[in-house]
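Structural overview for review
Residue-level listing of the chains:
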Amino acid sequence: MATAQTQPLPGGARRRLLVTGAGRGIGAAVAVMAARRGWDVALNYARDAAAAGRTAEAVRAAGGQALLLPADVADDAAVVAMFAALDAAWGGLDGLVNNAGVVDVAQRVDEYSAERVQRMFAINVFGSFSCAREAVRRMSTRHGGHGGAIVNIGSVASKLGSAGQYVDYAAAKGAIDVFTVGLSREVAAEGVRVNAVRPGITDTEIHASGGQPDRAWRLAPQIPMQRPGTADEVAEAVLWLLSDAAAYTTGALLDVTGGR
Ligand code: NAP
């Protein structure tokens, strides 16, 4: 008998997962771990096709099918087209990880441009809404689907506020918390579970993208475990929430923070 982690569908078909921002970091770790646990993985990316291609190779090496789906998640029409491409290739999906996200350079709120805040919410919040909407339209029994699971990647920043760094990012992740709870209740009776993982400081390239390549280790003394997390440690939580082992878990905000 298969374990909950391997998750075959009736008839032995592999489950189909879409991971946004899958080229590197937490998204890439989720994609490869999912392939090892029986999922085929569609890999979304915005700009770095080479990185996404490397993740695709790793997914295939782990035994999964990989499908590359370029799209800026902040562009709703591009998200609609991405899901149409997924339908054409695989006929739908069984799981979504809303992982694509950005930070920005450290600034106080009184230094922000309007463009900065709009980009922050467009990618981190509106992109997650667009992808979740399309996923629910395919997975919900209300729409003729057979259920599924959504995991949103939030951040412990939603509790801490990120003063002096990126309050706009923390506020966007706060929106993800509320989105997770609200959507989970909307679709709970339709076979779709919706949860969030809220990482703490994780050692990925996101910190360099915000102009602070040393941030993860510089802030280690503020973390009770005295070290940043790894992308794989976050991915473990995501894979559990996607799996049937979490069958009665929905609307949860799971902190993976080393105690922070
Ligand atoms: P990362 O290393 O910077 O990777 C982010 C990925 O997102 C990149 O592969 C990038 O792909 C993709 N992406 C960015 N904008 C996109 C867009 N508009 N559309 C589609 N894809 C886009 O970041 P990470 O650290 O793995 O973070 C992943 C998630 O975890 C984010 O939601 C982040 O907020 C969250 N998180 C991270 C930490 C941390 O300390 N690392 C802590 C808490 C939460 P392209 O290069 O192709 O654009």
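The first and last C-alpha atoms of helix α1 (residues 25-36) sit 17 Å apart over 12 residues, in line with the 16 Å expected at 1.5 Å per residue. By the criterion of burial, α1 is predominantly enclosed, with 10 of the 12 residues buried. Taken together, the buried positions of α1 are I26, G27, A28, A29, V30, A31, V32, M33, A34 and A35. Positive phi appears at G38, one or two residues downstream of α1, with a value of about 100 degrees.

Let's shift gears to the site of the ligand. Close contacts around the ligand come from 31 residues, with R24, R47, N99, Y169 and T204 the closest. Within the backbone of I26, a nitrogen or oxygen atom sits 2.8 Å from an oxygen atom of the ligand. Between A46 and the ligand, the recorded distance is 3.1 Å, taken from a backbone N or O atom to an oxygen atom. Protein contacts shield 96% of the accessible area of the ligand, which totals 890 Å² for the unbound molecule. When contributions to the shell around the ligand are tallied by element, the ones reaching two or more residues are α1, β2 (39-45), α6 (167-187) and α7 (206-209). Of the residues in the shell around the ligand, the class split is 13 nonpolar, 12 polar and six charged.

Turning our attention to the sheet that holds strand β4 (residues 95-98). If you trace the seven strands from one edge of the open sheet to the other, you get β3-β2-β1-β4-β5-β6-β7, paired in parallel fashion. With one partner strand each, in any of the chains shown, β3 (66-70) and β7 (253-256) form the two edges of the open sheet. The mean angle between the axes of side-by-side strands here comes to 20 degrees, regardless of whether they run parallel or antiparallel. In this sheet, strand β6 (residues 192-199) lies alongside strand β5 (residues 148-153) in parallel orientation, the contact comprising six bridges. Counted as the bridge partner of A149 is R193 from β6. On top of the sheet, helix α2 (residues 49-61) reaches β2 and β3; it is set at about 175 degrees to β2, its chief contact. Each of β4, β5 and β6 touches helix α4 (residues 114-139); the most contacted strand, β4, lies at about 175 degrees to it.

Attention shifts here to empty space enclosed by the protein. Taken as a whole, this structure holds one cavity of 30 Å³ or more when the rule is applied. Around the largest cavity sit T20, V73, N98, N99, A100, I123, G127, S128 and C131, which together line it. With four residues, the top contributor of residues to the lining of the largest cavity is α4. Broken down by class, the residue content of the lining of the largest cavity amounts to four nonpolar, five polar and no charged.

A few words now on the packing of α1 against α2. Taken N-terminus to C-terminus, the directions of α1 and α2 make an angle of 20 degrees; their axes are 8 Å apart at the nearest point. By the angle between their directions, the pair α1 and α2 is classed as roughly parallel. Helix-helix and strand crossings are classified by hand; for α1 and α2 the assignment is right-handed. In contact with A28, A31, V32 and A35 of α1, α2 contributes T55, A58 and V59.

We now examine helix α9 (residues 231-242). Residues spaced three or four apart along an α-helix point in a common direction, a consequence of the helix completing one turn every 3.6 residues. In this model, α9 (12 residues) spans 16 Å end to end at C-alpha, consistent with the 16 Å of a helix rising 1.5 Å per residue. Of all the residues in α9, the buried ones are A231, V234, A235, A237, V238, L239, L241 and L242.

This brings us to the packing of aromatic side chains. The geometry of an aromatic ring pair comes down to the distance between the two centres and the angle between the two planes. This structure, assessed with the given rule, holds two aromatic pairs. Geometrically, the ring pair formed by Y166 and Y169 is edge-to-face, given 5.3 Å between the ring centres and 70 degrees between the ring planes. The pair Y166 / Y169 is uniform in exposure class, with both members buried.

This brings us to the pairing of strand β1 (residues 15-19). Within β1, five of the five residues are buried, leaving the element largely enclosed by the surrounding structure. Here β1 runs beside β2; their pairing, made up of five bridges, is parallel. Bridge pairing links V19 to L43 in β2. Between the parallel elements β1 and β2, the chain passes through α1 in a crossover that is right-handed. Judged from the three bridges that link them, β1 and β4 form a sheet pairing that is parallel.

Our next topic: the pattern of salt bridges. Following the criterion strictly, the structure yields 18 salt bridges and no others. The partner of R16 in a salt bridge is D94, with the nearest N and O atoms 2.9 Å apart. Of this pair, R16 sits in strand β1 while D94 sits in the loop between α3 (76-90) and β4, and the two are 78 residues apart along the sequence. Residue class for R16 comes out buried when judged on its relative accessible area of 15%. Between R138 and E134 there is a salt bridge, with the nearest N and O atoms lying 3.0 Å from each other. One end of the pair is R138 and the other is E134, both in helix α4 and four residues apart, which spans about a single turn. Taking the relative accessible area as the measure of exposure, R138 reaches 22% and is therefore partly exposed. Classification of E134 as buried rests on a relative accessible area of 4%.

The rules behind the values
Residues numbered from 1 in each chain as written. Predicted model: local features only at pLDDT ≥ 70, side-chain atom pairs only at ≥ 80, totals over all residues. Heavy atoms only, no water. Helix = DSSP H or I, 4+ residues; strand = E, 2+ residues; numbered from the N terminus. Expected span 1.5 Å × (residues − 1). Buried < 20%, exposed > 50% of the residue type's maximum accessible area, 1.4 Å probe, protein only. Near = heavy atom within 4 Å. Polar contact = N/O pair within 3.5 Å; in protein donor to acceptor, adjacent residues only side chain to side chain. Areas by Shrake-Rupley, 256 points an atom, 1.4 Å probe, with all protein chains shown as cover. Nonpolar A, V, L, I, M, F, W, Y, C, P; charged D, E, K, R; others polar. Pairing = 2+ DSSP bridges. Axes fitted to C-alpha atoms, helices over the stretch in contact; angles between N-to-C directions. Contact = heavy atoms within 4.5 Å. 1 Å grid on protein atoms, 1.4 Å probe; cavity = no way out; pocket = protein on both sides within 12 Å on 5 of 7 lines; lining within 4 Å. Points joined across faces, edges and corners; volume = space filled by probe spheres on them. Parallel < 35°, antiparallel > 145°, perpendicular 65-115°, else oblique. Left-handed = near helix turned anticlockwise from the far one by under 90°. Phe/Tyr/Trp six-rings, centres within 6.5 Å; stacked < 30°, edge-to-face > 60°. Right-handed = clockwise from strand over helix to strand, strands pointing away. Salt bridge = Lys/Arg side-chain N within 4 Å of Asp/Glu carboxyl O.

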